[in-house]
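Here's the letter readout for the chains.
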Amino acid sequence: MNLSKEIADIEVIKRVGACADKLGLEAYVVGGFVRDLLLKRPSKDIDFVCVGSGIALAKKVADSFDHHVPLSVFKNFGTAMIKLEDWELEFVGARKESYRQDSRKPIVEDGTLKEDQERRDFTINALAISINQATFGELVDPFDGVRDLKRKIIKTPLDPDTTFSDDPLRMMRAVRFATQLKFDIEPDTFDGLLRNASRLEIISGERIVDELNKIILSDTPSYGFKLLFVSKLLHQFFPEMVDLQGVDSVGDKSHKDNFYHTLQVLDNICEFTDDLWLRWAAIMHDIAKPVTKRFNKKAGWTFHGHEDKGARMTPKIFRKLKLPMDERMKYVQKLVRLHLRPIALVNDKVTDSAVRRLVYEAGDDVEDLMNLCRADVTSKNPNRVKRFLANFDKVEQKIQEVEEKDQVRNFQPPVSGEEIMKIFGLPPSKTVGEIKEEIKEAILEGQIENNKEQAIQLMFKLAEAKGISKKEN
Ligand code: ATP
Ligand code: MG
C-alpha cells in the first residue's frame, strides 16, 4: 500500500524525510499517527523513527528552519521532541527491547525497523510509512495492522503473553484502544489479558489511572469497564467497583445488579457532560451499596446510608487510585453524598425549605447534581421514568424560584461573626457561632429572608433570649 497521497500535504513530514536523506538515514512515520491517518481521525502528534540516531535527525530538522524552533533532547532515552506550530514531533532511533521479569524497565539496544515494530503494543500501532524520497509513502505493515484496522480488532503483534508480560500497562492500553475506537479484542489477545492480569501489580497507579481516565472520557465508557471486568483487570486496581456486581435473592425478592446499573448511569451522564469528574461521580455514586446492603422481610433489600458511606469511601478510593485529593475529589464526594436528595425531595413534598437547603449544600454544583440524578433513572418501566423526570423538572423549577428570592447558592452570612462580637462586645466564643448558625437556619427554613435587615432583627431577638445586651458605647 502506498500512502504518499494521504501525507503529501503535510509539509513537515516531507521536510523530515529530506533531512533523513541528507543524513543517509532510513526514516518512517510510525505508530498512532499512521493508525489515525488510516482511520481518518485527525491527530497532531507525529512519531518519527529512523534507523540510526533519532536525536541527530531531530537536530537536523530543527536546523533546517531559518527561524528558531524549540527542540528538546532526552539523551537518556535517546529521544528528541520538536514543537512546531500545532505539531508535536517525536524522534527516536529504531530499537529493540528485552525485559526482565520484575520490571517494566527494558534493556534497550539499537535495532532494525522490524525489531522496533515488534516491540509495539498492537498490530494497528505497529504501522510505519517510509518518508525517504525514494520510497516516500510506502507502508510497512509486517503484522497485518491494516487488516486489523478493517476488522476492527485489537491484537498484539507477538504472542500476547510476551507483549503483556514485557509491559503489563499494555493490557490497560488494549482496553483503552478497544473503547476509544469501538474495536473488539481478538480472542487470543483477550486470553492473554486473563492470563496476565495479575502482572498489572508492577505498574504504577498513576499510569493505570491515566489509561482508566481515557476510557472514562470515551463515548461509551461502559464498554471499557465491561472489558476490564471480564478480563479481571478491574479486580487488580478497583475491587470496590467489582463488588457492585451480582444479584442476591431471598425468596422472590432480589435487588438490581449495581455494577450494570452504575455503567448505565455512567453512559447516561456522558450524554450531558464531557467532564471527567462528573463522570467519576457517576461511577462512585452507589459504591457503598455492597457494604450497606441488608435484607429484612418487610422492606426487602435496603442500602440505607450508602450515600454517606460512599462519600466517606471516596477519599480512600481516590488516594488508592492516585486520583487527585484536591477540590476535584471534594466535588465527587459532595455529589455522592447528595445524590439521593433530589429524589427524596420529590417523594415527599417539594417544600421551599428543602429546596433551599439543597441549593445551600450543593452550591454551584446543583445543576451537575440534577444531571446526575436524571442519569440515575435507569428503570425499564417507561411510565416510571417519565414520572421521575417530570418530578425533577419540578424540583429544578423550584430551585429557580427559590434562587430568585433568596441567594443561598454561595451562602455568605448576612451578619458576620465580627459584627456580632462588636455589637455585643463579645469575645470570640461559642455564643457568637450559635447566633450565626441560628440566623442561617432561619434563612434556610424560610423564617426570615436572606438580607441584612431581617438578619439583624433576628440577631437581637436571639441575643435577648440568651440574656446578652447591646454594648453601651
Ligand atoms: P494516543 O496518542 O491517542 O494515546 P498513540 O497510539 O499515539 O495513541 P502513544 O502513547 O502516543 O499512543 O504512543 C505512540 C506509539 O508508541 C503507539 O502507537 C505504539 O506504537 C507505541 N507505544 C506506546 N506505548 C507503548 C507501550 N506501552 N508498549 C508498546 N508500544 C507502545
Ligand atoms: Mg500519541
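Presented here is a report on the structure given in the accompanying data block. Keep in mind it's a predicted model, so treat the numbers as computed, not measured. (Residues numbered from 1 in each chain as written. Chains lettered and ligands numbered in written order. Predicted model: local features only at pLDDT ≥ 70, side-chain atom pairs only at ≥ 80, totals over all residues. Heavy atoms only, no water.)

1. Considering the packing of aromatic side chains
Centre-to-centre distance and the angle between the planes together describe a pair of aromatic rings.
Consideration 1: In total, this model carries twelve aromatic pairs according to the counting rule given.
Consideration 2: Of the aromatic side chains, those joined through ring pairs into one cluster are Phe-238, Trp-277, Trp-280 and Phe-318.
Consideration 3: Geometry around Phe-177 places Arg-176 over its ring, the cationic atom sitting 4.2 Å from the centre. (Phe/Tyr/Trp six-rings, centres within 6.5 Å; stacked < 30°, edge-to-face > 60°. Lys NZ or Arg CZ within 6 Å of the ring centre and 35° of its normal.)

2. Concerning the pattern of salt bridges
Consideration 1: A complete count under the given rule lists 35 salt bridges for this structure.
Consideration 2: Note that Lys-466 and Glu-434 form a salt bridge whose closest N and O atoms lie 3.0 Å from each other. Within this pair, whereas Lys-466 is found in the segment after helix 25 (452-465), its partner Glu-434 is found in helix 24 (residues 430-445), the two being separated by 32 residues in sequence.
Consideration 3: Looking at Lys-466, the relative accessible area reads 31%, which means it is partly exposed.
Consideration 4: Under the relative-accessibility criterion, Glu-434 is labelled partly exposed at 31%.
Consideration 5: Salt bridges sharing common partners tie together Asp-144, Arg-147, Asp-148 and Arg-151. (Salt bridge = Lys/Arg side-chain N within 4 Å of Asp/Glu carboxyl O. Helix = DSSP H or I, 4+ residues; strand = E, 2+ residues; numbered from the N terminus. Buried < 20%, exposed > 50% of the residue type's maximum accessible area, 1.4 Å probe, protein only.)

3. Some points on the sheet that holds strand 5 (residues 87-93)
Backbone hydrogen bonds are what pair the strands of a sheet, in a parallel or an antiparallel way.
Consideration 1: Reading across from one edge, 3-4-5-2-1-8-9 is the order of the seven strands in this open sheet, with mixed pairing throughout. Edge strands, defined here as strands with exactly one partner in the open sheet, are strand 3 (71-74) and strand 9 (139-140).
Consideration 2: Across six bridges, strand 2 (residues 45-50) lies against strand 5 in parallel orientation. Each residue of the ladder has a partner; that of Asp-45, found in strand 5, is Glu-88. (Pairing = 2+ DSSP bridges.)

4. Considering the nonpolar core
When a protein is soluble and globular, its nonpolar side chains tend to lie buried together.
Consideration 1: Core analysis: the biggest nonpolar cluster contains 137 residues, and Ile-13, Phe-238 and Trp-280 have the highest contact counts within it.
Consideration 2: For Phe-238, the residues in contact, after removing those within four places along its chain, are Trp-280, Ile-283, Met-284, Ile-287, Ile-317 and Leu-321.
Consideration 3: Ranked by size, the runner-up nonpolar core spans seven residues in total, among them Tyr-28, Val-30, Val-49 and Ala-128. (Core = buried A, V, L, I, M, F, W, Y, C linked by side-chain atoms within 4.5 Å. Contact = heavy atoms within 4.5 Å.)

5. Comments concerning the layout of surface pockets
Consideration 1: Roughly 1,800 Å³ of volume is contained in the largest pocket.
Consideration 2: Around the largest pocket sit 49 residues that line it, and Asp-47, Arg-119, Arg-120, Arg-173 and Arg-207 are the ones nearest its centre.
Consideration 3: For the lining of the largest pocket, the elements supplying multiple residues, two or more each, are helix 3 (32-38), strand 2, helix 4 (54-63), strand 5, strand 6 (95-98), strand 7 (107-110), helix 8 (169-181) and helix 10 (205-216).
Consideration 4: In the lining of the largest pocket, the residues fall into twelve nonpolar, twelve polar and 25 charged.
Consideration 5: Mapping the lining of the largest pocket onto the domain boundaries places at least three of its residues in each of domain 1 (4-148) and domain 2 (152-237).
Consideration 6: As a volume, the second largest pocket reaches approximately 640 Å³.
Consideration 7: Along the walls of the second largest pocket sit 22 residues, with Lys-256, Ile-343, Asp-376, Arg-384 and Phe-388 positioned nearest its centre. (1 Å grid on protein atoms, 1.4 Å probe; cavity = no way out; pocket = protein on both sides within 12 Å on 5 of 7 lines; lining within 4 Å. Points joined across faces, edges and corners; volume = space filled by probe spheres on them. Nonpolar A, V, L, I, M, F, W, Y, C, P; charged D, E, K, R; others polar. Domains from an automatic or database assignment.)

6. Some points on the site of ligand 1
Consideration 1: What surrounds ligand 1 is a group of 14 residues, the closest being Arg-35, Asn-125, Asp-167, Arg-170 and Arg-176.
Consideration 2: Within the side chain of Arg-35, one N or O atom sits 2.7 Å away from an oxygen atom of ligand 1.
Consideration 3: Protein contacts shield 74% of the accessible area of ligand 1, which totals 580 Å² for the unbound molecule.
Consideration 4: Judged by its atoms lying within 2 Å of the grid points, ligand 1 is housed in the largest pocket.
Consideration 5: Counting residues per element, the ones that place at least two in the shell around ligand 1 are helix 3 and helix 8.
Consideration 6: Sorting elements by how many residues they give to the shell around ligand 1 places helix 8 first, with four residues.
Consideration 7: Residue composition of the shell around ligand 1, grouped by class: one nonpolar, three polar and ten charged. (Near = heavy atom within 4 Å. Polar contact = N/O pair within 3.5 Å; in protein donor to acceptor, adjacent residues only side chain to side chain. Areas by Shrake-Rupley, 256 points an atom, 1.4 Å probe, with all protein chains shown as cover. Sits in = over half its atoms within 2 Å of the grid points.)

The values are spatial; any link to function lies outside them.
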